[in-house]
Amino acid sequence: MRILFLDQSGKPGGAELCLMDIAKPYSDRSLIGLFADGSFKDLLQQNHLPVEVLTTQKIKVSKESNFSQGFKSLRQLLPLITKVIKRARKYDLIYANTQKALVVGSIASFFARRPLVYHLHDILSKEHFSQTNLRIAINLANRFASLVIANSQASQIAFIKAGGNPDIIEIVYNGFEPKLYQKSESDIKQLKQQLELEGKFVVGHFSRLAPWKGQHILIAALAQCPPDVTAILVGDALFGEQDYVKKLHQQVAELGLENRVKFLGFRSNIPQLMAACDLIAHTSTAPEPFGRVIVEAMLCRKPVVAAKAGGAMELVEHGMNGFLVTPGEPQELAQVITTCLQEPEITATMASNARNTASQRFDMTTINQQINLLLSEKVNI
Ligand code: UDP
């Protein structure tokens, strides 16, 4: 099957990292078309995946855009759409991985007469999107997509609630290669030394810096934890959230936590960094569509605490393979962190169980087989 994958982002967020894994089995007969240049292209090239940047013009439409902004941007998209139609004729299928890719992919699917698959990595709700964007996404998916792949039950439910056709949507979780998440004790020791984290109880947060990812909740929780608890914040403001970054630094200074919070920026060695942590915290204040970091923590055999909403609730069973806390409640989070600090044996057993179940449930080979089966059965090529 020859696939034209489309993604709007130049930077590797969760949806892009997932796409990279899905595209691997088709790499000899597919193309990944991006709507922006950047580090995601470099990452795809490093992984020997065929990639083309289809436009470098910034698409002036955001998750909050209204109808007239959306209409204006459609005119601006014409050269890109024309290019995608041309490319699509050489492939059997268009696979849209993001919302803007869905818009372009839908029109291209119509003119190039190629089936369209939409991989839904978002919770299509008013918390995350404007009414106009919701309507556009739902209508295009209903009208043009042969198949919608939702990354969780939470994403599937929101799609249907917003008016999406329940007959075209299937759930497939993100896949991972468990062996990439096993690190040796000597590597961990070395990294802890480099980062000056020896002897500390380290809470790791791995996410782009954005208000709804809730790094401020972890910082507030830290102020209520014993002084040997330290946090590392791994990730960068991928989509221009510089004001939030400034606020986080201010919050750290106001609470006098300069020696207990490290901002490490975007990193590509996530398994190593997770291995150097004692606990991984997920603190999103709005429902998370899936939450790759939660599964990655489990695969690293690390205890994980996640905000109880959206896809995170499908991944974590409280007290069994991790902890769930109320989103936006630093005090509750501080309590879990303190429990993990004081009761390492219990949390180690939990983390070990979590690794075993996550290795099976999210195994990349099985997940890629599921996708291949869906493409063969549900899409008429
Ligand atoms: N990540 C990364 N480098 C960083 C921070 C995060 O590679 O500095 C990865 C992280 O390991 C995870 C992904 O980015 O695989 C984020 O996915 P998630 O589903 O947690 O959130 P999203 O970005 O999709 O909202």
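Caption draft 1: Quick look at the overall build of the protein. What the protein contains, in helices and strands, is 16 helices and 13 strands. Expressed as a percentage of the 381 residues in the protein, the buried residues total 56%. A fraction of 69% describes how many contacts in the protein between residues 6 or more apart in sequence connect residues 24 or more apart. Summed over its atoms, the accessible surface of the protein is roughly 17000 Å², and 50% of this surface lies on carbon and sulfur atoms. Counting 41 positive and 35 negative side-chain charges, the protein places the averaged centre of each group 10 Å from the other.

Caption draft 2: View of the pattern of salt bridges. Under the defined criterion, the tally for this structure stands at ten salt bridges. Salt-bridge contacts for Lys41 lead to Asp37; the nearest nitrogen and oxygen are separated by 3.1 Å. Between Glu170 and Lys378 there is a salt bridge, with the nearest N and O atoms lying 3.0 Å from each other. Of this pair, Glu170 sits in strand E7 (residues 169-171) while Lys378 sits in helix H16 (residues 364-378); the two residues are 208 residues apart in sequence, bridging distant segments of the chain.

Caption draft 3: Quick peek at the site of the ligand. Around the ligand sit 16 residues in total, of which Arg208, Lys213, Arg267, Arg292 and Glu296 are the nearest. A distance of 3.1 Å is found between an oxygen atom of the ligand and a backbone nitrogen or oxygen belonging to Gly14. Separating an oxygen atom of the ligand from a backbone N or O atom of Val293 is a distance of 3.4 Å. Summarising the interface, the protein chains cover 90% of the accessible area of the ligand, which totals 540 Å² for the free molecule. In terms of residue class, the shell around the ligand is made up of six nonpolar, four polar and six charged.

Caption draft 4: Focus on the packing of aromatic side chains. Throughout the structure, instances matching the rule amount to eight aromatic pairs. For the pair Phe110 and Phe144, a centre-to-centre distance of 6.2 Å together with 75 degrees between the ring planes defines the contact as edge-to-face. Taken as a pair, Phe110 in helix H5 (residues 99-112) and Phe144 in helix H6 (residues 131-144) lie far apart in primary sequence, 34 residues in all. Here Phe110 falls in the partly exposed class, since its relative accessible area comes to 47%.

Caption draft 5: Broad picture of unusual backbone geometry. Phi is positive for His48, close to 60 degrees, though the residue is something other than glycine. Tracing the sequence through the fold places His48 in the loop between helix H2 (39-46) and strand E3 (51-53). A positive phi angle is found at Glu196, which is not glycine, with a value near 55 degrees. Looking at where Glu196 falls in the secondary structure, it is placed in the loop between helix H8 (185-194) and strand E8 (201-206).

Caption draft 6: Local environment of the environment of Asp243. Examined against the element boundaries, Asp243 turns out to sit in helix H10 (residues 242-254). Taking the C-alpha atoms as reference points, Asp243 and Ala275, 32 residues apart in sequence, are found 30 Å from one another.

Caption draft 7: Looking closely at the sheet that holds strand E11 (residues 279-281). Taken together, six strands build an open sheet; the order of strands is E10-E9-E8-E11-E12-E13 and the sheet is parallel. With one partner strand each, in any of the chains shown, strand E10 (261-265) and strand E13 (323-325) form the two edges of the open sheet. Taking the axes of each pair of neighbouring strands and ignoring which way they run, one obtains an average angle of 25 degrees across the sheet. Sheet topology places E11 next to strand E12 (residues 304-307); two bridges connect them, and they run parallel. By the bridge assignment, Ile280 is partnered in E12 with Val304. Contacting E8, strand E9 (229-234), E11, E12 and E13, helix H14 (residues 330-342) runs over the sheet at an angle of about 160 degrees to E13.

Caption draft 8: A look at the packing of H5 against H6. Packing of H5 against H6 leaves a shortest axis separation of 10 Å and a crossing angle of 35 degrees. Pair H5 / H6 crosses with left-handed handedness. Of the residues in H6, those touching H5 at Gln99, Leu102, Val103, Ser106, Ser109 and Phe110 are Asn133, Ile136, Ala137, Leu140, Ala141, Arg143 and Phe144.

Caption draft 9: Broad picture of the sheet that holds E3. Across the sheet, seven strands lie side by side as E3-E2-E1-E4-E5-E6-E7; this open sheet has parallel pairing. Where the open sheet ends on each side, the last strands, each with one partner, are E3 and E7. Between one strand axis and the next, the sheet turns by 20 degrees as a mean value, whatever way the strands run. Two elements, strand E4 (residues 93-96) and strand E5 (residues 116-120), share three bridges in a ladder whose sense is parallel. Residue pairing in the sheet places Ala96 in a bridge with Tyr118 of E5.

Caption draft 10: A look at the pairing of E4. Burial along E4 is two-sided: the face carrying Leu93 and Tyr95 and the face carrying Ile94 and Ala96 are both buried. Where strand E1 (residues 3-7) meets E4, four bridges bridge the pair, whose relative direction is parallel. Counted as the bridge partner of Leu4 is Ile94 from E4. For the handedness criterion, the β-α-β arrangement of E4, H5 and E5 is classed as right-handed.

Caption draft 11: Broad picture of H6. Here H6 contains 14 residues, and its C-alpha end-to-end distance of 20 Å stays within 8% of the 20 Å for a straight helix at 1.5 Å per residue. All buried positions along H6 are accounted for by Thr132, Asn133, Leu134, Ala137, Ile138, Leu140 and Ala141.

Cut-offs and rules
Residues numbered from 1 in each chain as written. Predicted model: local features only at pLDDT ≥ 70, side-chain atom pairs only at ≥ 80, totals over all residues. Heavy atoms only, no water. Helix = DSSP H or I, 4+ residues; strand = E, 2+ residues; numbered from the N terminus. Buried < 20%, exposed > 50% of the residue type's maximum accessible area, 1.4 Å probe, protein only. Contact = heavy atoms within 4.5 Å. Areas by Shrake-Rupley, 256 points an atom, 1.4 Å probe, with all protein chains shown as cover. Lys, Arg positive; Asp, Glu negative; His and termini not counted. Charge placed at Lys NZ, Arg CZ, Asp CG, Glu CD. Salt bridge = Lys/Arg side-chain N within 4 Å of Asp/Glu carboxyl O. Near = heavy atom within 4 Å. Polar contact = N/O pair within 3.5 Å; in protein donor to acceptor, adjacent residues only side chain to side chain. Nonpolar A, V, L, I, M, F, W, Y, C, P; charged D, E, K, R; others polar. Phe/Tyr/Trp six-rings, centres within 6.5 Å; stacked < 30°, edge-to-face > 60°. Pairing = 2+ DSSP bridges. Axes fitted to C-alpha atoms, helices over the stretch in contact; angles between N-to-C directions. Left-handed = near helix turned anticlockwise from the far one by under 90°. Right-handed = clockwise from strand over helix to strand, strands pointing away. Expected span 1.5 Å × (residues − 1).

Functional significance is not addressed by these values, which are geometric in nature.
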